[in-house]
Amino acid sequence: MQDEKDFIKELLNPDTQNTAFQKLLHDYQRPLYHHIRNIVLDHDDADDVLQNTFIKVLRHLKDFKGDSKLFSWIYRIATNEAITFINQKAKRSGLSSEALKSKITENLKADVYFDGNEIQIKLQQAIASLPEKQQLVFKMKYYEELKYEDMSGILGTSVGALKASYHHAVKKIEEFMKTN
């Protein structure tokens, strides 16, 4: 990608904004969808959160300070939007976010956009049983293959703490898979 500062200027300039936004969509839409889908699990919900993420990015781009990479900033917005979405959906359903994720995981078998088998469903159930931070770290490392340094920028957590969270998540998932 071109120099980030120039790209951000293009996104903010009314004359170049449309072209720059198309490039932003092209570069980030697919990985962000997968990141969000890993959190909310449901395809339609992921589409909604993705749309909200891009709206928020455009709305707040002028406030981007450049303290982190644009990638990290956008992923942080997507992560926060996805978590907020899950928490609000759980509240509307009268469930805890953990109970809601467990229910969504059970419904994955009927989801036409989920092409996993029984083992992948079981893995999703194991992940749903983890604390939220461990879920995020596991999914970002395992599914998205993000580097700990990138995850640190997105989640605002030290690399050491992320490695520990991932290690604990793996151990808990292994235990879940053995006992269930």
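Basis of the calculations
Residues numbered from 1 in each chain as written. Predicted model: local features only at pLDDT ≥ 70, side-chain atom pairs only at ≥ 80, totals over all residues. Heavy atoms only, no water. Helix = DSSP H or I, 4+ residues; strand = E, 2+ residues; numbered from the N terminus. Rg over C-alpha atoms; globule rule 2.2 N^0.38 Å. Buried < 20%, exposed > 50% of the residue type's maximum accessible area, 1.4 Å probe, protein only. Contact = heavy atoms within 4.5 Å. Areas by Shrake-Rupley, 256 points an atom, 1.4 Å probe, with all protein chains shown as cover. Lys, Arg positive; Asp, Glu negative; His and termini not counted. Charge placed at Lys NZ, Arg CZ, Asp CG, Glu CD. Polar contact = N/O pair within 3.5 Å; in protein donor to acceptor, adjacent residues only side chain to side chain. Axes fitted to C-alpha atoms, helices over the stretch in contact; angles between N-to-C directions. Parallel < 35°, antiparallel > 145°, perpendicular 65-115°, else oblique. Nonpolar A, V, L, I, M, F, W, Y, C, P; charged D, E, K, R; others polar.

Caption draft 1: Up close: the overall build of the protein chain. Per the secondary structure count, the protein chain includes nine helices and zero strands. In the protein chain, the order of α-helices and β-strands from amino to carboxyl end is α-α-α-α-α-α-α-α-α. The C-alpha radius of gyration computed for the protein chain amounts to 17 Å, which stays within 12% of the reference 16 Å derived for 180 residues, consistent with globular compactness. A buried classification covers 43% of the 180 residues belonging to the protein chain. For the protein chain, the share of sequence-separated contacts (at least 6 apart) that also reach a separation of at least 24 residues comes to 58%. Here the protein chain displays about 10,200 Å² of accessible surface, and carbon together with sulfur accounts for 50% of that area. Of the side chains in the protein chain, 26 bear a positive and 26 a negative charge, and the two mean positions are spaced by 5 Å.

Caption draft 2: Up close: the side chain of R37. Within the element layout of this structure, R37 appears in helix α2 (residues 17-40). One polar contact links the side chain of R37 to the main-chain carbonyl oxygen of L41, over a distance of 2.5 Å.

Caption draft 3: Inspection of the packing of helix α8 (residues 148-155) against helix α9 (residues 159-179) at higher detail. Orientation of α8 relative to α9, taken along the N-to-C sense of each, is 105°, at an axis distance of 9 Å. By the angle between their axes, α8 is roughly perpendicular relative to α9. Touching Y148, E149, M151, S152 and L155 of α8 are V159, L162, K163 and Y166, all from α9. In terms of residue class, the contact of α8 with α9 is made up of six nonpolar, one polar and two charged.

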